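Each chain, written out:
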Amino acid sequence: MSKILIVMSAASTWVRTDGSSYPTGYWAEELAAPHEKFVEAGYSVDFASPGGVLQPLDQHSADPEVAGANCAEYVAHAEKALREFGPLLTLSEVDIDDYVAVVLPGGHGPVVDLYQDSDLGRLLARADAAGKLIGAVCHGPAALLSAVDEEGKWLFAGREMTAFTDEEEQLFGTADGAPWLLASRLREQGAKHVGGPAYQAFTTRDRNLFTGQNPASSAPMAEAMIAALR
């Protein structure tokens, strides 16, 4: 059975520009929807994070007023999947050769740790060089920033991608005080960032790179990856 790797952040807080800490964690839909799609398609799914740390659930993703009426189903699926998998793999010990694809879900965690995680950077560089599929949704594309060459050049510069937009960050209420905004940072680093309407499903593909703009894009991104794998 072919395997897919989901790489989670290990962050539970996001330090703001005023020094305050904003609680964060994995966003249930962004983890659960792809996991469900991959398992239904016959893939096995492993979970890894920096240090093998299990990130908490972002409680906003369990609030129907924020995450929609179906959020309880995503929370239940994510918690069950993580519980049944057991201890997360330590990212530094993962061999990308064991997987056909790697997926980077969001929550704000990736803008805290994964964007500068050297172990992830090496893994993504190897995955991209081998033509393995790479998927990232919402704030997950921040993790792509970790992939730089020996001279510090970003390996995904020039690639088309989407991510949680500056507009969506403003609407969510977390733009003011953010150390940096993801979509702007991606553009600054050379990405061809594109976006659709706020909080509506929107996905892109550039060769082996698949990205989704927001939680609603999680399942469509996974479906596009599955179609490509077949």
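The structure under discussion appears in the preceding block.
A description of the sheet that holds strand β7 (residues 133-137) should follow, citing residues and the corresponding values.
Strands sit in the order β5-β4-β1-β6-β7-β11-β10 across an open sheet of seven strands; the sheet is mixed. Each having just a single partner strand, β5 (89-90) and β10 (203-206) make up the two edges of the open sheet. Inspection of the sheet shows strand β4 (residues 44-49) paired to β5 by two bridges, in the parallel sense. Residue pairing in the sheet places A48 in a bridge with L89 of β5. Along the sheet face, helix α1 (residues 28-40) touches β1 (3-7), β4, β6 (101-104) and β7 and points at about 150° away from the line of β4. Contacts from helix α3 (residues 71-85) reach β4 and β5 within the one sheet, and its direction differs from that of β4 by about 85°.

How would you summarise the side chain of H193 if you had to cite specific residues and measurements?
Its place among the elements puts H193 in strand β9 (residues 192-193). There is a polar contact of 3.3 Å between the side chain of H193 and the side chain of R187. Once residues within four sequence positions are removed from consideration, H193 is found in contact with M161, T162, A163, T165, A183, L186 and R187.

Which residues make up the packing of aromatic side chains, and what values do they have?
The description of an aromatic ring pair uses the distance of the two centres, along with the angle that the planes make with each other. As enumerated under the stated definition, the model contains six aromatic pairs in all. On the basis of an interplanar angle of 70° and a centroid distance of 5.9 Å, the ring pair of F164 and Y199 is categorised as edge-to-face. Taken together, the residues span a long stretch of sequence, with F164 in the loop between β8 (160-161) and α5 (166-172) and Y199 in the loop between β9 and β10 at a distance of 35 residues. Residue classification places F164 among the buried positions, given a relative accessible area of 4%. Its guanidinium or amino end placed over the ring of W14, R16 lies 4.4 Å from that ring's centre, counting from NZ or CZ. Above the face of the W180 ring, R185 is positioned so that its terminal group lies 4.3 Å from the ring centre.

Conventions and cut-offs
Residues numbered from 1 in each chain as written. Predicted model: local features only at pLDDT ≥ 70, side-chain atom pairs only at ≥ 80, totals over all residues. Heavy atoms only, no water. Pairing = 2+ DSSP bridges. Helix = DSSP H or I, 4+ residues; strand = E, 2+ residues; numbered from the N terminus. Contact = heavy atoms within 4.5 Å. Axes fitted to C-alpha atoms, helices over the stretch in contact; angles between N-to-C directions. Polar contact = N/O pair within 3.5 Å; in protein donor to acceptor, adjacent residues only side chain to side chain. Phe/Tyr/Trp six-rings, centres within 6.5 Å; stacked < 30°, edge-to-face > 60°. Buried < 20%, exposed > 50% of the residue type's maximum accessible area, 1.4 Å probe, protein only. Lys NZ or Arg CZ within 6 Å of the ring centre and 35° of its normal.

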